[in-house]
Amino acid sequence: MNQEKNIAMHDDGDGISLMDLLLVLAKHKRKIILYPVLFGVAGLLISFAMPKVYKANTKVLPPQQSQSTASAMLSQLGGLAGGAGAALGLKNPNDLYVSMLKSRLLTDKLIKRFDLQSRYEQKFTETTRKALDANSVIASGKDNIISIEVEDKDPKIAAEIANAYVEELIALTSTFALTEASQRRVFYEKQLLQAKEKMIAAETALSSGIDSKGMLSVDAQSKAVLETVAKLRAAISAKEIQLKAMQAFVTPNNQEYKRVSQELLGMQQELAKLENGTATTHDASAAKVKETSGSSSVQLLRDAKYYQMLYELLSKQYEVARLDEAKDIPLIQVLDKAVEPELKDKPKRSIITLAFAFLGLILALVLAFLKEAAGKPKTPEQEEKWRQLKAYLKFS
């Protein structure tokens, strides 16, 4: 037992015993007590001098994806639906909206709206973006609720910026096509615009042809065949556009895709019969149209009819996509609107005071042991080590 005490209280050799440590602490007790107190008071005074910072928070419920036509098609893919959904960016919609909230486009709107470049005392827009990013925390929690926290010296401005994030997000979602229905609506909108331009060009060409060559005379039977051919061509083009739109979110093995493909094939076969003059009910009329196909006036009339019918078909598909988009529109709901915080978030005076006090304690202990080490008589070996240490510390 006595041997264990000797080992605990005294270290053979050049080590420091526990009693030596206690003696140093007792000898410099005033410094060890005074330094933490002084540093703690200094930290407290500094915390009072620091400006108050307030944090405003708003919580947003992200849009829920509704079961649009495209979603229904995705569900038919079974195991492939996950991969297709990921390709469309639907795996985690929250990530999309968080990225939009952090986007440069939205950030620049907030900078301009609140004149943050002057408020943050920044010379460049890039540094202002970084300052706003440092004062904002945007994240999606495990509960799938998006949280937006903004810090500012003015509690009113903090709340206004936090709410402005949501307002600008709503404005962005109304601008960009984020859902499947929106993407289809944009696709059909572009196709409809192109068809309209071509229809106007064809009608203008037909009008010019009539002005120069006079009114075109076509008998009723030939006109019926001509309109049938134009209608079939327009329907075929519309089906091809529909298939192209479906390719964005389904595979060729999808049942709906196969059905539309079969319809397209049937139309193409029927058109081939009419154009080759082999249709059973319109053989004579088809032949007559074929004979006059070299006429530029007939060609202009055929093109005008084709683009008119194509425009009508695409208009119907566009309306369907637009109605589907209205059902599938991203609806961002504010769960908790940001209000002016009553209590400051920073500085945290207790933490600052304790941190400074701990720093004072460490400094007091270091100085106490350094002073003891410097006052101890040194052996020749220790003197040599000190000399080497001083030599290594020199920069010359």
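So, a few notes on the structure that sits alongside this text.

### Observations concerning the packing of helix α7 (residues 104–114) against helix α9 (residues 125–134)
Link 1 in the chain: Close contact between α7 and α9 brings their axes to 10 Å; oriented N to C, the two are set at 95°. Here α9 runs roughly perpendicular to α7, going by the angle between their axes. Facing α7, whose interface residues are Arg104, Thr107, Asp108, Leu110 and Ile111, α9 presents Thr125, Thr128, Arg129 and Leu132.
Link 2 in the chain: Its residues placed into classes, the contact of α7 with α9 shows three nonpolar, three polar and three charged.

### Regarding the environment of threonine 125
Link 1 in the chain: Note on placement: threonine 125 falls in helix α9.
Link 2 in the chain: Accessibility expressed as a relative area gives 33% for threonine 125, which makes it partly exposed.
Link 3 in the chain: Remark: the alpha-carbon pair of threonine 125 and isoleucine 111, spanning 14 residues in sequence, is separated by 8.3 Å.

### Considering the packing of aromatic side chains
Link 1 in the chain: With the rule as written, the count across this model stands at one aromatic pair.
Link 2 in the chain: Considering the side-chain rings of tyrosine 35 and phenylalanine 39, the 6.3 Å spacing of their centres and the 25° angle between planes classify their relative orientation as stacked. Residue tyrosine 35 and its partner phenylalanine 39 are both found in helix α3 (residues 29–49); the two are separated by four residues, about one turn of the helix.
Link 3 in the chain: Residue classification places tyrosine 35 among the partly exposed residues on the basis of a relative accessible area of 24%.
Link 4 in the chain: The ring centre of phenylalanine 48 lies 4.1 Å from the NZ or CZ of arginine 349, which sits over that ring.

### A word on α7
Link 1 in the chain: Listed as buried for α7 are Leu106, Thr107, Leu110, Ile111 and Phe114. End-on view of α7: buried residues confined to an arc of 140°, all on one side of the axis. Exposed and facing more than 90 degrees away from the buried side of α7 are Arg104 and Lys112.
Link 2 in the chain: A positive phi of about 50° marks aspartate 115, the residue just after α7.

### What about the side chain of serine 136?
Link 1 in the chain: With respect to the secondary-structure elements, serine 136 resides in strand β2 (residues 136–140).
Link 2 in the chain: At 2.8 Å, the side chain of serine 136 forms a polar contact with the backbone oxygen of leucine 132.
Link 3 in the chain: Here tyrosine 165 takes part through its side chain, which lies 3.2 Å from a polar atom of the side chain of serine 136.
Link 4 in the chain: Those residues within four positions of serine 136 in sequence are excluded, and the remaining contacts are Glu149, Val150 and Tyr165.

### A look at the pairing of strand β3 (residues 146–152)
Put simply, side chains in a regular strand alternate between the two faces of the sheet.
Link 1 in the chain: The element β3 is largely enclosed, with a buried count of six among its seven residues.
Link 2 in the chain: Connecting β2 to the antiparallel partner β3 that follows it, the hairpin turn spans five residues, and asparagine 144 within it adopts a positive phi of roughly 65°.

### Looking at the side chain of serine 237
Link 1 in the chain: If you trace the backbone, serine 237 turns up in helix α12 (residues 220–246).
Link 2 in the chain: Residue class for serine 237 comes out buried when judged on its relative accessible area of 14%.
Link 3 in the chain: Polar contacts involving the side chain of serine 237 include one to the side chain of tyrosine 306, which spans 2.6 Å.

### Observations regarding a nonpolar patch on the surface
Link 1 in the chain: A surface patch of nonpolar side chains, amounting to about 570 Å² of accessible area, comprises Leu18, Met19, Leu21, Leu22, Leu23, Leu25 and Phe369.
Link 2 in the chain: When residues in the nonpolar patch are grouped by element, the largest group, six residues, is from helix α2 (residues 18–27).
Link 3 in the chain: Residue placement: methionine 19 occurs in helix α2.
Link 4 in the chain: Note on methionine 19: relative accessible area 38%, which makes it partly exposed.

Criteria and thresholds
Residues numbered from 1 in each chain as written. Predicted model: local features only at pLDDT ≥ 70, side-chain atom pairs only at ≥ 80, totals over all residues. Heavy atoms only, no water. Axes fitted to C-alpha atoms, helices over the stretch in contact; angles between N-to-C directions. Helix = DSSP H or I, 4+ residues; strand = E, 2+ residues; numbered from the N terminus. Parallel < 35°, antiparallel > 145°, perpendicular 65-115°, else oblique. Contact = heavy atoms within 4.5 Å. Nonpolar A, V, L, I, M, F, W, Y, C, P; charged D, E, K, R; others polar. Buried < 20%, exposed > 50% of the residue type's maximum accessible area, 1.4 Å probe, protein only. Phe/Tyr/Trp six-rings, centres within 6.5 Å; stacked < 30°, edge-to-face > 60°. Lys NZ or Arg CZ within 6 Å of the ring centre and 35° of its normal. Arc of directions from axis to C-beta. Polar contact = N/O pair within 3.5 Å; in protein donor to acceptor, adjacent residues only side chain to side chain. Pairing = 2+ DSSP bridges. Patch = residues over 30% accessible without salt bridge, like charges linked within 9 Å, V, L, I, M, F, W, Y side chains within 5 Å. Areas by Shrake-Rupley, 256 points an atom, 1.4 Å probe, with all protein chains shown as cover. Salt bridge = Lys/Arg side-chain N within 4 Å of Asp/Glu carboxyl O.

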